[in-house]
Amino acid sequence: VPVELTAYCLSGTTRRGRYVRSGIVAADPKYFPLSRFIEVYVGDEYLGRFLVDDTGSRIRGPRLDVWMPTCREARVFGRVKGTAVLVPRPEIAVVQTGTEHK
């Protein structure tokens, strides 16, 4: 999905009640569901894998807000165009207790 990337430097907790930290992005849950991982690219550069753990009042549509440890880093990051790919969830086998697993 083509996205616009910005950065933020707030402290505190995310929408899901966890402390903000590196590897967290805020996103519109209509585009990127909470608790899912995405991989982000700017051109050919791979920025990394991020956890969608936060939302924001100004984060609407195909936009991601990447958490940075300092406001200076957030300002330097600026506003860029990129691409985000939703990482598929792994297949998990559910086995009921007392049954054989093959």
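Residue positions within a chain follow its written sequence, with the count starting from 1. Local features in this predicted model are restricted to residues of pLDDT 70 or higher, and side-chain atom pairs are both shown and tallied only at a pLDDT of 80 or more, whereas totals for entire chains, interfaces and linings draw on every residue. Only hydrogens and water are set aside; all other atoms, that is, all heavy atoms of the structure, feed into the side-chain values.

### Considerations on unusual backbone geometry
And step 1. With a phi angle near 70 degrees, serine 35 is a residue other than glycine that sits in the positive phi range.
And step 2. Helix and strand assignments follow DSSP, with helices taken as H or I runs no shorter than four residues and strands as E runs no shorter than two, numbered in order from the N terminus. By the secondary structure assignment, serine 35 is in the loop between strand E2 (24–27) and strand E3 (37–42).

### Concerning the state of the cysteines
And step 1. Cysteine sulfur atoms are paired as a disulfide whenever they fall within 2.5 Å. Tallied over the full model, the rule gives one disulfide.
And step 2. Paired through a disulfide, cysteine 9 and cysteine 71 show a sulfur-sulfur distance of 2.0 Å. Of note, the bridge from cysteine 9 to cysteine 71 carries an S-S torsion of about 80 degrees and is right-handed in sense. Here cysteine 71 lies in helix H1 (residues 71–77) and cysteine 9 lies in the loop between strand E1 (2–8) and E2, a separation of 62 residues in the sequence.
And step 3. Throughout, exposure labels follow a simple rule: accessible area from a 1.4 Å probe, protein chains only, divided by the maximum for the residue type, with under 20% read as buried, over 50% as exposed, and the rest as partly exposed. On the basis of relative accessibility, which here comes to 23%, the residue cysteine 9 falls in the partly exposed class.
And step 4. A relative accessible area of 37% means that cysteine 71 is categorised as partly exposed.

### Section: the environment of valine 25
And step 1. By the element assignment, valine 25 lies in strand E2.
And step 2. For the pair valine 25 and leucine 51, spaced 26 residues apart in sequence, the C-alpha to C-alpha distance is 6.1 Å.
And step 3. Not counting the four nearest positions on each side in its chain, valine 25 is found in contact with Ile38, Phe50, Leu51, Val52, Asp53, Asp54, Leu64, Asp65 and Val66. Contacts were defined at the residue level, with two residues in contact if any of their heavy atoms lie within 4.5 Å.

### Some remarks on the packing of aromatic side chains
And step 1. Each Phe, Tyr or Trp ring (for Trp, its six-membered ring) is paired with any other whose centre lies within 6.5 Å, and the angle between the two planes then decides the class: stacked below 30 degrees, edge-to-face above 60, tilted in between. Applying the stated rule across the entire model yields one aromatic pair.
And step 2. Between tyrosine 41 and tyrosine 46, the aromatic rings sit 5.2 Å apart at their centres with planes inclined by 55 degrees, giving tilted as the arrangement.

### What about the sheet that holds strand E6 (residues 80–86)?
And step 1. Strands qualify as paired when DSSP identifies two bridges or more between them. Pairing is mixed in the closed barrel, where six strands are placed in the order E1-E5-E2-E4-E3-E6. Adjacent strand axes in the sheet meet at a mean angle of 45 degrees when their direction is disregarded.
And step 2. Across three bridges, the pairing between E2 and strand E5 (residues 63–67) is antiparallel. Within the sheet, the bridge partner assigned to valine 25 lies in E5 and is valine 66. Think of each axis as a best-fit line through the C-alpha atoms, taken over the contacting stretch in the case of a helix, with angles from 0 to 180 degrees between the N-to-C directions.

### Overview of the layout of surface pockets
And step 1. Points on a 1 Å grid over protein atoms alone make up a cavity when a 1.4 Å probe fits among them but cannot get out, and a pocket when they form an open set with protein on both sides within 12 Å along at least five of seven lines; lining residues each have an atom within 4 Å of a point. Grid points are joined across faces, edges and corners, and a volume is the space filled by probe spheres set on the points. Of the volumes computed, that of the largest pocket is approximately 270 Å³.
And step 2. Considering the residues around the largest pocket, the lining is formed by 16 residues, among which Tyr8, Arg58, Ile59, Arg63 and Asp65 are closest to the centre.
And step 3. Mapped onto the lining of the largest pocket, the elements with two or more residues apiece are E1 and E5.
And step 4. A total of three residues in the lining of the largest pocket trace back to one element, the largest contributor, which is E1.

### As for the environment of threonine 70
And step 1. Structurally, the position occupied by threonine 70 is in the loop between E5 and H1.
And step 2. Look at threonine 70 and you get partly exposed, because its relative accessible area is 34%.
And step 3. For the pair threonine 70 and glutamate 45, spaced 25 residues apart in the sequence, the C-alpha separation amounts to 22 Å.

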